[in-house]
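Tertiary structure, described
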Amino acid sequence: MDVTRLIDDVIDREGGYVDHPADRGGPTRYGITQAVARAEGYTQAMRDLPRALAARIYRRRYWQLPAFDRIATRAPALAAELFDTGVNMGPAVAATFLQRVLNALNRQQRDWPDLTVDANIGARTLTALDTLLATRGPAAEAVLVKAINVLQGERYLRLAETRPANEAFLYGWLAQRTG
């Protein structure tokens, strides 16, 4: 798993400076919102945010802190999907998607106990993931990626239905973020 490549791909896909009037996130550069940049200590104009700083923010905030790096050692394609979902929806949303899916796949708790859906990828979530991968084999990772994509697509649709201004983004979200 090459996280540097994942980060470069996200930065390239997100593009440079954007300040779309329908985007509640306000000004962004390389996909980093102004609020996230400020929380990371950046005080300059968003249009001047350095690419290297954006990469550091992605690595720390969207890869290491939510423990997607720990998932990568077990299921690299899943980790890449969680990273991308976390970039677009927030790491907590991506982590809760995983926990929800793991709960639904535990065969009524025969394989592992239900997880608390708290966005904390800790020992219990990792044990559940390990058990699923061992029990269901290599295809389990692809099933998890599909399930994350399904939840992601449903959330995008709900966002557009509940806030008509988000319709401006729905096509791109579905085209670029679900697969």
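Procedures and definitions
Residues numbered from 1 in each chain as written. Predicted model: local features only at pLDDT ≥ 70, side-chain atom pairs only at ≥ 80, totals over all residues. Heavy atoms only, no water. Core = buried A, V, L, I, M, F, W, Y, C linked by side-chain atoms within 4.5 Å. Buried < 20%, exposed > 50% of the residue type's maximum accessible area, 1.4 Å probe, protein only. Helix = DSSP H or I, 4+ residues; strand = E, 2+ residues; numbered from the N terminus. Contact = heavy atoms within 4.5 Å. Pairing = 2+ DSSP bridges. Expected span 1.5 Å × (residues − 1). Salt bridge = Lys/Arg side-chain N within 4 Å of Asp/Glu carboxyl O. Phe/Tyr/Trp six-rings, centres within 6.5 Å; stacked < 30°, edge-to-face > 60°.

**Concerning the nonpolar core**
For soluble globular proteins, the rule of thumb is that nonpolar side chains tend to be buried together. Judged by nonpolar contacts, the single largest core of 57 residues is most densely connected at Leu49, Tyr58, Ile71, Leu78, Phe83, Leu98 and Leu102. In terms of residue count, the dominant contributor to this core is helix 8 (residues 139–162) (eight residues). Excluding anything up to four places from it in sequence, leucine 78 contacts Ile71, Leu98, Leu129, Glu141, Leu144, Val145 and Ile148.

**Overview of the side chain of asparagine 103**
Note on placement: asparagine 103 falls in helix 6 (residues 91–104). Once residues within four sequence positions are removed from consideration, asparagine 103 is found in contact with Pro113, Asp114, Leu115 and Val117.

**Topic: unusual backbone geometry**
Notably, glutamine 108 is not glycine yet its phi reads approximately 55 degrees, a positive angle. In this structure, glutamine 108 sits in the loop between helix 6 and helix 7 (123–136). Phi is positive for alanine 119, close to 70 degrees, though the residue is something other than glycine.

**As for the sheet that holds strand 3 (residues 32–33)**
Judged by pairing direction, the sheet is antiparallel, and its three strands sit side by side in the order 1-2-3 without closing on themselves. The open sheet is flanked by strand 1 (17–18) and strand 3, the only strands paired with a single partner.

**A closer look at helix 6**
Note on helix geometry: an α-helix contains 3.6 residues per turn, so any two residues three or four positions apart are oriented the same way. The end-to-end C-alpha separation of helix 6 is 20 Å, in line with the 20 Å expected for 14 residues at 1.5 Å each. Taking burial as the measure, the 14 residues of helix 6 include 10 buried ones, the bulk of the element. Buried within helix 6 we find Pro91, Val93, Ala94, Ala95, Phe97, Leu98, Gln99, Val101, Leu102 and Asn103. On its buried face, helix 6 sits against helix 3 (51–64), helix 4 (68–72), helix 5 (76–89), helix 7 and helix 8.

**Structural notes on the pattern of salt bridges**
Under the criterion given, the structure shown has nine salt bridges. Notably, a salt bridge pairs arginine 61 with glutamate 40, separated by 2.8 Å at the nearest N-O pair. Taken together, the residues arginine 61 in helix 3 and glutamate 40 in the loop between helix 2 (34–39) and helix 3 connect sequence positions 21 residues apart. The exposure class assigned to glutamate 40 is partly exposed, which follows from its relative accessible area of 24%. Where glutamate 154 meets arginine 158, a salt bridge forms, and the shortest distance between an N and an O atom there is 2.9 Å.

**Quick word on helix 8**
Look at helix 8: 35 Å from first C-alpha to last across 24 residues, which is about the 34 Å you get at 1.5 Å a residue. Among the residues making up helix 8, those that are buried are Ala140, Glu141, Leu144, Val145, Ala147, Ile148, Asn149, Leu151, Gln152, Gly153, Tyr156 and Ala160. Buried residues along helix 8 sit against helix 5, helix 6, helix 7 and helix 9 (167–177).

**Concerning the packing of aromatic side chains**
The final tally for this structure, using the stated rule, is three aromatic pairs. A centroid spacing of 5.5 Å and a plane angle of 55 degrees characterise the contact between tyrosine 58 and tyrosine 62, whose relative ring orientation is tilted. With tyrosine 58 and tyrosine 62 both in helix 3, this residue pair falls four residues apart, about one helical turn. Residues tyrosine 58 and tyrosine 62 agree in their burial class; the two are buried. Aromatic side chains tryptophan 63 and phenylalanine 83 sit 5.8 Å apart centroid to centroid with 80 degrees between the ring planes, which places their arrangement in the edge-to-face category. With a gap of 20 residues between them, tryptophan 63 in helix 3 and phenylalanine 83 in helix 5 connect regions that are remote in the sequence. Each member of the pair, tryptophan 63 as well as phenylalanine 83, carries the same accessibility label: buried.

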